[in-house]
Amino acid sequence: MGGCFSKPKPVEVKIEVVIPEKERSKEEMSPNGKASPLVYKVNGTARHYHLEEHPIASNPYHNPKDVVEASVCHVKDLENGQMREVDLGCGKALLIKEGGEFYAMGHKCPHYGAPLVKGVLSKGRVRCPWHGACFNIGTGDIEDFPGLDSLPRFQVKIEKEKVYIRASKQALQTQRRTKMMAKCISLSNYNLSSTNVLIIGAGAAGLVCAETLRQEGFSDRIVMCTMDRHLPYDRPKLSKSMDSHPEQIALRPKEFFRTYDIEVLTEMQAAAVDIKNKTAVFKDGFKMEYNKLLIATGNTPKALSCKGKEVENVFNIRTPEDANRVVKLATSKNVVIVGASFLGMEVAAYLTERAHSVSVVELEEVPFKKFFGERVGRAVMKMFESHRVKFYMQTEVSELREQEGKLKEVVLKSGKVLRADVCVVGIGAVPATGFLKQSGINIDSKGFIVVNKMMQTNIPGVFAAGDAVTFPLALRNNKKVNVPHWQMAHMHGRIAALNMLAHGTEISTVPYLWTAMFGKSIRYAGHGEGFDDVVIQGDLDELKFVAFYTKSDEVVAVASMNYDPIVSKVAEVLAAGRAIRKRDVETGDMSWLTGKGS
């Protein structure tokens, strides 16, 4: 393995090759004709190890029949800074003019398919109008998240003042491109209990870290360990699309991990990290040495502490199985959601058309008060009430009552008794870092791992990312913050990977999140913690508004509904390091978005 490991200590390992006869014909060969990974059982736990190198995908232009070329416009049809969606006959492309040059690439965001022509063009990149992902117009490469894939880039030529685009038909149809990645070159020599890079956690941060390492040419062993039964999946969909099966929300198919030699060990819970011997210890006793370590364990949902908390049909939504089970049990039944959090409200919205009744119990007077403010929270609450959701505010659960072991009623401290067949708990979460308490890795008083701008902990070679960390946020003068957003986890993973390779890259992204309820989305950018005022433009009653969150005289965050692409525009202003003053948004003059304001 390139001489990167310390000598592994002896470990008791029972190995049994498990390849049923009837599966051999399907599993022995991978789609590209190379041998697929063998499945081993180590101490009773299934693990995948990849034993072959795989060929690099060929140039998509190699087949002339796969190429289309079309005239799409006159050179004077686009001004600098403009974008246009153009049709090439067998698919569409995004044509861009910036700095007097034309560029062409995929027209849909690979994340959820947003039309990029409705996004924001700024300084050589396009930002998605829905969720804020950014793509370089020269290369198509993804530069900010969410999402994993880049965009295909197409050739542009000018002839007789006409603009022509030459593109692969396949790329026009798929509208996505996976960046070229290295393969592991020495897997035949590895020790089962030793790896160069160990990633604990297989969410967005862990997966992006592994992919970035391969994209940057890293060709040594990468092992990801997860408590989940599944390969990495789109966790936000657990509350937005609750009946999705694991394979439907997988971030990458099984073949991807085989092709790029990224090993995933499922149902593995970390129990301790020995920083002196560079070893991770797992709950089943298995130990693995590492050279570099990423801790991306996320968080653990808080449970109710009231009487009767152990009754059946009370759920935290943590896995696809949890979400599926809730949908099945809730159909035509009475559902109580405890906590008007993002998860709680999304679950409530999803279940309204399926359940007989949906009730939400919350300590605050309106949902999202601390995050979106009272006025926005009240507007959201009215939207839910129009969909028959009942709210019980400024109270909490005192008891869960059962009948034959299953939930029957939820008793509130206010004295109200709610009929309930199913209860979903969404009252927050705590960082999943308990296994690090004796490790020497710096943990703050709330249990978050403390990292610097390069996602490094206080221990050399140990990095951390995602919901379990606090890091310096450039947007807020490098204040140490915890930002448990899907987009931010992606970026954490990328920064950690680059710095494992000694790139010296610092994080500077603008936080971006979204929530979806009843077919409507609230988009949000910035970091509004501690805001002291909210300036609202538009109409809250009509749910068409933009809210600017201010602290003293400065705008620190923005949220909108039915006002695209304002949040992406603000994110670009903040990313450029430009301050937005409260007076700029109070007047309604939007010239500051282009840098022409005060």
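Criteria and thresholds
Residues numbered from 1 in each chain as written. Predicted model: local features only at pLDDT ≥ 70, side-chain atom pairs only at ≥ 80, totals over all residues. Heavy atoms only, no water. UniProt positions renumbered as here; feature names shortened; annotations may be inferred. Helix = DSSP H or I, 4+ residues; strand = E, 2+ residues; numbered from the N terminus. Buried < 20%, exposed > 50% of the residue type's maximum accessible area, 1.4 Å probe, protein only. Contact = heavy atoms within 4.5 Å. Areas by Shrake-Rupley, 256 points an atom, 1.4 Å probe, with all protein chains shown as cover. Salt bridge = Lys/Arg side-chain N within 4 Å of Asp/Glu carboxyl O. Phe/Tyr/Trp six-rings, centres within 6.5 Å; stacked < 30°, edge-to-face > 60°. Lys NZ or Arg CZ within 6 Å of the ring centre and 35° of its normal. Axes fitted to C-alpha atoms, helices over the stretch in contact; angles between N-to-C directions. Parallel < 35°, antiparallel > 145°, perpendicular 65-115°, else oblique. Left-handed = near helix turned anticlockwise from the far one by under 90°. Nonpolar A, V, L, I, M, F, W, Y, C, P; charged D, E, K, R; others polar. Core = buried A, V, L, I, M, F, W, Y, C linked by side-chain atoms within 4.5 Å. Pairing = 2+ DSSP bridges. Lys, Arg positive; Asp, Glu negative; His and termini not counted.

Per an unreviewed UniProt entry, the recorded name for the chain is Apoptosis-inducing factor 3, and the organism is Gallus gallus. What UniProt states about the chain under its Subcellular location (unreviewed entry) heading is, verbatim, "Mitochondrion". For the chain, the Function (unreviewed entry) comment in UniProt is given as "Induces apoptosis through a caspase dependent pathway. Reduces mitochondrial membrane potential."

For the rest of this paragraph, the subject is the overall build of the chain. Across its full length, the chain carries 12 helices and 39 strands. Residues classed as buried in the chain amount to 53% of the 598 residues present. Pairs at least 24 residues apart make up 61% of the contacts formed inside the chain by residues separated by at least 6 positions. Carbon and sulfur atoms make up 46% of the accessible area of the chain, which amounts to about 26,500 Å² in all.

Let us now look at the pattern of salt bridges. Under the definition given, this model contains 30 salt bridges. One salt bridge connects Arg-177 with Asp-141, and the closest N-O pair in it is separated by 2.7 Å. Taken together, the residues span a long stretch of sequence, with Arg-177 in the loop between helix H2 (169-174) and strand S14 (197-200) and Asp-141 in the loop between strand S10 (134-136) and strand S11 (142-144) at a distance of 36 residues. One salt bridge in this structure joins Arg-252 and Glu-211, with 2.8 Å as the shortest N-O distance. Within this pair, whereas Arg-252 is found in the loop between helix H4 (237-240) and helix H5 (254-259), its partner Glu-211 is found in helix H3 (residues 204-215), the two being separated by 41 residues in sequence. Residue class for Arg-252 comes out buried when judged on its relative accessible area of 7%. Salt bridges sharing partners connect three or more residues here, namely Glu-69, Lys-157, Glu-159 and Arg-166.

Before going further, it helps to spend a moment on the packing of aromatic side chains. All told, the structure shown has 15 aromatic pairs when counted by the stated rule. With a centroid separation of 6.2 Å and an interplanar angle of 85°, the aromatic rings of Tyr-112 and Trp-514 are classed as edge-to-face. On the criterion of sequence distance, the pair formed by Tyr-112 in the loop between strand S7 (101-105) and strand S8 (120-122) and Trp-514 in strand S35 (residues 512-517) is long-range, its members being 402 residues apart. Aromatic pair Phe-256 and Phe-257: ring centres 5.7 Å apart, planes at 85°, arrangement edge-to-face. As far as the burial class goes, Phe-256 and Phe-257 line up, both buried. A network of ring pairs unites the aromatic residues Phe-342, Phe-368, Phe-371, Phe-372, Tyr-524, Phe-531 and Tyr-549 as a single cluster. It is Lys-157 that lies over the ring of Tyr-164; its NZ or CZ is 5.8 Å from the centre. The ring of Tyr-350 has Arg-354 sitting right over it, with the charged end atom 3.9 Å from the ring centre.

Looking now at the environment of Phe-368. Within the fold, Phe-368 resides in the loop between strand S24 (357-362) and helix H8 (369-372). On the accessibility criterion, Phe-368 (7% relative accessible area) is buried. Sequence separation between Phe-368 and Ser-341 is 27 residues; the distance between their C-alpha atoms is 6.7 Å.

Moving on to the packing of H3 against helix H10 (residues 486-500). At a minimum axis distance of 7 Å, the contact between H3 and H10 shows a crossing angle of 40°. One element, H3, and the other, H10, form an angle in the oblique class. In this structure, the crossing between H3 and H10 has a hand that is right-handed. Residues Ala-204, Ala-205, Val-208, Cys-209, Thr-212, Leu-213 and Gln-215 of H3 form the contact with H10, whose participating residues are Trp-486, Ala-489, His-490, Gly-493, Arg-494, Ala-497, Leu-498 and Met-500. Classifying every residue of the contact of H3 with H10 by side-chain character gives 10 nonpolar, 4 polar and 1 charged.

Our focus in this paragraph is the nonpolar core. By size, the foremost hydrophobic cluster in this structure holds 79 residues, and its most contacted members are Val-126, Leu-198, Leu-294, Ile-295 and Phe-471. Broken down by element, this core gets its largest block of residues, 8 residues, from H10. Contacts of Leu-198, omitting those with residues within four sequence positions, involve Val-223, Cys-225, Ala-280, Met-288, Tyr-290, Lys-292, Leu-293 and Leu-294.

As a further point, take the sheet that holds S11. The 4 strands are arranged S8-S9-S10-S11 in an open sheet whose pairing can be described as antiparallel. Here the strands that pair on one side only, and so sit at the sheet edges, are S8 and S11. Pairs of neighbouring strands in the sheet enclose a mean axial angle of 30°, with direction left out of account. Of the strands in this sheet, S8, strand S9 (125-127) and S10 touch helix H11 (residues 566-575), which is tilted by about 135° from S9.

This part covers the side chain of Glu-362. Within the element layout of this structure, Glu-362 appears in strand S24. Look at Glu-362: it is buried, it has no salt bridge, and the nearest opposite charge is Lys-370 at 7.6 Å. Not counting chain neighbours up to four residues away, the residues in contact with Glu-362 comprise Gly-339, Ala-340, Tyr-392, Met-393, Gln-394 and Thr-395.

Our next topic: unusual backbone geometry. In this chain, Phe-145 is followed by Pro-146 through a cis amide linkage whose omega measures 20°. Here Pro-146 lies in the loop between S11 and strand S12 (153-159). In this model, Asp-564 is joined to Pro-565 through a cis peptide bond whose omega is 0°. Residue placement: Pro-565 occurs in the loop between strand S39 (554-561) and H11. Of note in this structure, Lys-123 is not a glycine but carries a positive phi near 50°.

A separate point is the sheet that holds strand S20 (residues 292-295). The sheet built from 5 strands is open, its strands ordered S16-S15-S14-S20-S32 with parallel pairing. Each having just a single partner strand, strand S16 (262-265) and strand S32 (462-464) make up the two edges of the open sheet. Direction aside, neighbouring strands of the sheet carry axes that sit 20° apart on average. Across 4 bridges, the pairing between strand S15 (residues 222-225) and S16 is parallel. When the sheet's bridge partners are listed, Met-224 is paired in S16 with Val-264. On top of the sheet, H3 reaches S14, S15, S16 and S20; it is set at about 175° to S15, its chief contact. Along the sheet face, H10 touches S14, S20 and S32 and points at about 170° away from the line of S20.

All right, on to the pairing of strand S38 (residues 544-551) then. Most of S38 sits out of view: 6 of its 8 residues are buried. Strand direction decides the pairing type here: strand S37 (residues 533-539) and S38, joined by 7 bridges, are antiparallel. Of the residues in S38, the one forming a bridge with Asp-533 is Thr-550. As consecutive antiparallel partners, S38 and S39 are separated by 2 residues, and within that stretch Ser-552 has a phi angle of approximately 60°, a positive value.

As a further point, take the environment of Ser-552. Inspection of the secondary structure assignment puts Ser-552 in the loop between S38 and S39. With 20 residues separating them in the primary sequence, Ser-552 and Asp-532 have C-alpha atoms 7.1 Å apart. Not counting the four nearest positions on each side in its chain, Ser-552 is found in contact with Asp-532 and Lys-582.

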